[in-house]
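Here are the chains, one letter per residue:
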Amino acid sequence: MSRKFFSGPFILILPSILAIGFVIIIPLIFSFYTSFTSYKLTRPDSLFNFVGLRNYERLIDNTKFWYAFGRTILFLAVVLNLELLFGLGIALLINKITWGQRTLRTIMMFPMMFSPILVGFQWKYIFNDNIGLLNNFLYLFGYESAIPWLIDKYLAMGSIMVAEIWANTSIFAILLLAGLLGIPRDPIEAARVDGCNSWQVFKNITLPFLMPFIFIALTIRSLDVGRAYDIVHIMTGGGPAMRTELIWTMIARIGYKDANMGFANAMSYVSIILSIAFTYYFFTKLVAARRDLGQQ
Amino acid sequence: MKQIKKIAFWLLVLFLLILICLPGIWIFVSAFRPNPEILSKPANWIPDRWTIHQFTQMFSINGYVSVPAFKYLMNSVIISSVSTVIAITIGMMGGYAFARFNFRGKNSIFLSLMLARAVPGISLSLPLFILFAKLGIINTSFGVILVYVAMNVPFTIWLTDGFFRQIPKEMSEVARTDGCTRLQAFWNVELPLAGPGIGAAAIFAFLLSWNEYALASIITRTVHSKTLPIGMMDYLDEFTINWAGMCAIAVVMIIPALILTFIVQKHLVSGLTFGGVKG
């Protein structure tokens, strides 16, 4: 039994598990422990000051945290849905093009190369109220009062969402296009002969076939939702007056600026569960969609 | 009517192209403009004067003037390359195991690896910061490399698993009946066939390390180990931003990434979808 355990595939997977164990699992166990202490960076001895569930109780009582949490959920809901929708639209559009499709596909991958911090900077530059491309453009059309995109309490969140959507729509577009290109022609033609209109063809043939691809894109995307931290961090830093504070920027602020590690780690756990739940949900959906497609 | 539809269609495509490309182009143009021109009001759309001032400042090796971009670039290159090589080596082993063997708990191990990857960088940075400080590997390239290896392994497994699956099992079986060991069959038959796919996985891993910010911003403290995305923030003061400088360092960051992606884009998509669909 134990010999079998240490043979073949397990030996091959072992280095991966060791790397992840050392860099991800052990630190997470450690931070789980600190979330039950009053650990502050400035006072190392507080690492052993066990406070039970107090950090979590404080979290539940903390309205700022719940605002950030709700904002994060809202942010993800808006951004993921729009990305999927735009990605699908772009994929359908490019799928129709016969001339220059390859070039377009390559150009479409452009935003995927951009580091999130770079995306943030780029849109910070575009949305700048004084010298930004957008306000300069509006100026051309006689709109002379500068709109404070990143300073206004309502516009700031929208501006960040634009950046996030710009950066991540392409992964949906690319993967859905790959799905579209793989759809067999026969059922579509048969359906057309039988008198289906475009919408019916889309709903009954194209979309079911695309489902696994949609879930692949969502799974891959859900791995990286936390990277929105980079974009928010550089664009507004959570401001104005914490109106764009997401759970991740709040962790950074509490953990590093206020040096309150125990409390920040408790918050981290909420964000980790959030990310893992997203990934787990889409991954199981992917497995199910794959199985359905296999049966057909 | 058909004509109008066609024109509308191409206008939509054009609009999309502009939306995708303009931000990057604007950064590129701004990197070569003098700062006063960027700040001018009303806007000066077409640069009067091109300058490489920002680049010469960044890269003046003897005693830098603005930001030690050359050092950051070197750190980025070293950290990204080394972590990619290691991550691909051990990730490929894992991917091969998932593609070729059936074993107990296979799906749950695969899922756990992916879930480990989902942990947000900033949440992981808190305990890593403390642990690395205790171990004395904070602010070292070694520490950053270690982190990036672990971050890249799950995704490499996902990709290489897909590529190995695309190769018929029979090919290695034939090689083995001809007297190859499993390792020889892997080395001589399967690895060359999966080569382009593994290249794509490598570039994906490289880009992730190249672009990472949240973790590196915490575990790198000085010019000794800071990477380009962190170095970029040097241009950002509390109240003022050197826009041209920031654009210039952005260009330095994006050009290698663009070139690499153009090389592998085809394999990238097939790897992502194959691993996912035919699992």
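Going along each chain's sequence as written, the residues are numbered from 1 onward. Written order determines the labels here, with chains lettered from A and ligands numbered from 1. Local features are withheld for residues below a pLDDT of 70 in this predicted model, meaning they are given only at 70 or higher, and side-chain atom pairs are given and counted only at 80 or more; totals for whole chains, interfaces and linings count all residues.

We now examine the overall build of chain A. Helix numbers and strand numbers start at the N terminus; a helix is a DSSP run of H or I with at least 4 residues, a strand a run of E with at least 2. Along chain A, the regular secondary structure elements total 14 helices and zero strands. When the backbone C-alpha atoms are referred to their principal axes, chain A occupies close to 75 × 75 × 30 Å. Split into buried and exposed, the 296 residues of chain A put 42% on the buried side. Across chain A, every contact between residues at least 6 apart in sequence was considered, and the portion connecting residues at least 24 apart equals 68%. Any residue with 12 or fewer other C-beta atoms within 10 Å of its own C-beta is exposed, any with 20 or more is buried, and the rest are partly exposed; the C-beta atoms used are placed from the backbone. Residues are treated as contacting if the C-beta atoms built from their backbones sit within 7 Å of each other.

Here we take up the interface of chain B and chain A. Facing 68 residues of chain B, the contacting portion of chain A comprises 65 residues. Contributions of two or more residues to the side of chain B that touches chain A are made by helix H1 (2-31), helix H2 (35-39), helix H4 (69-100), helix H5 (106-118), helix H6 (121-135), helix H7 (141-166), helix H9 (182-211) and helix H12 (243-277) of chain B. For the side of chain B that touches chain A, the leading source of residues is H12(B), giving 15 residues. Its residues assigned to classes, the side of chain B that touches chain A shows 56 nonpolar, 11 polar and one charged. Nonpolar residues are Ala, Val, Leu, Ile, Met, Phe, Trp, Tyr, Cys and Pro. Charged residues are Asp, Glu, Lys and Arg, and all others, Gly as well, are polar.

Before going further, it helps to spend a moment on the confidence of the model for chain A. Across the chain, each position has a pLDDT score giving the predictor's confidence in that residue, from 0 to 100. Per-residue pLDDT for chain A averages 86, and the proportion of residues at 70 or more is 96%. Taking the mean pLDDT of every element in chain A, the minimum, 50, falls on helix H1 (residues 2-5) of chain A and the maximum, 92, on helix H4 (residues 63-96) of chain A.

A set of buried Ala, Val, Leu, Ile, Met, Phe, Trp, Tyr and Cys residues, joined to one another through C-beta atoms within 7 Å, is what we call a nonpolar core. Core analysis: the largest hydrophobic core is formed by 159 residues, its most contacted members being A:Leu176, A:Ala217, B:Val147, B:Ala150, B:Phe204, B:Ile249 and B:Ala250. If you tally residues by element for this core, the top one is H7(B), at 15 residues. Contact partners of A:Ala217, with chain neighbours within four places excluded, come to A:Ile171, A:Phe172, A:Leu175 and A:Leu176.

It is worth spelling out the packing of H4(A) against helix H9 (residues 155-181) of chain A at this point. All names here are of chain A. For the pair H4 and H9, the least separation of the axes is 7 Å and the interaxial angle reads 45°. Comparing the axis directions of H4 and H9 gives the class oblique. In this structure, the crossing between H4 and H9 has a hand that is right-handed. For the contact of H4 with H9, the residue count by class is 17 nonpolar, four polar and two charged. Here, axes are lines fitted to C-alpha atoms. For helices the fit covers the stretch in contact, and angles between N-to-C directions go from 0 to 180 degrees. Roughly parallel means an angle under 35 degrees; roughly antiparallel, over 145; roughly perpendicular, 65 to 115; everything else is oblique. Note on convention: the crossing is left-handed when the near helix lies turned anticlockwise from the far helix by less than a right angle, right-handed when the turn is clockwise.

Residues and elements named next belong to chain A. Relative to the elements of secondary structure, Ile251 occurs in helix H13 (residues 247-257). Under the C-beta neighbour-count criterion, Ile251 is labelled buried, with 28 such atoms within 10 Å. Ile251 sits 12 residues away from Phe263 along the chain, and the two C-alpha atoms are 8.8 Å apart.

This part is about the confidence of the model for chain B. All names here are of chain B. In this model, chain B carries an average pLDDT of 85, and 94% of its residues clear a pLDDT of 70 or more. For chain B, per-element mean pLDDT is lowest for H12, which scores 80, and highest for H4, which scores 92. In the predicted assembly, ipTM is 0.88 and pTM is 0.89.

With that settled, consider the packing of helix H2 (residues 9-34) of chain A against H7(B). Angle between the axes and distance between the axes: these two values describe a pair of packed helices. Where H2(A) contacts H7(B), the axes come no closer than 9 Å and their chain directions differ by 130°. It follows from the interaxial angle that H2(A) and H7(B) lie oblique. When the axes of H2(A) and H7(B) are compared, the crossing they make is left-handed. Facing H2(A), whose interface residues are A:Ser16, A:Ala19, A:Ile20, A:Val23 and A:Ile24, H7(B) presents B:Leu146, B:Val147, B:Val149, B:Ala150, B:Val153 and B:Ile157. The residue makeup of the contact of H2(A) with H7(B), split by class, is 10 nonpolar, one polar and no charged.

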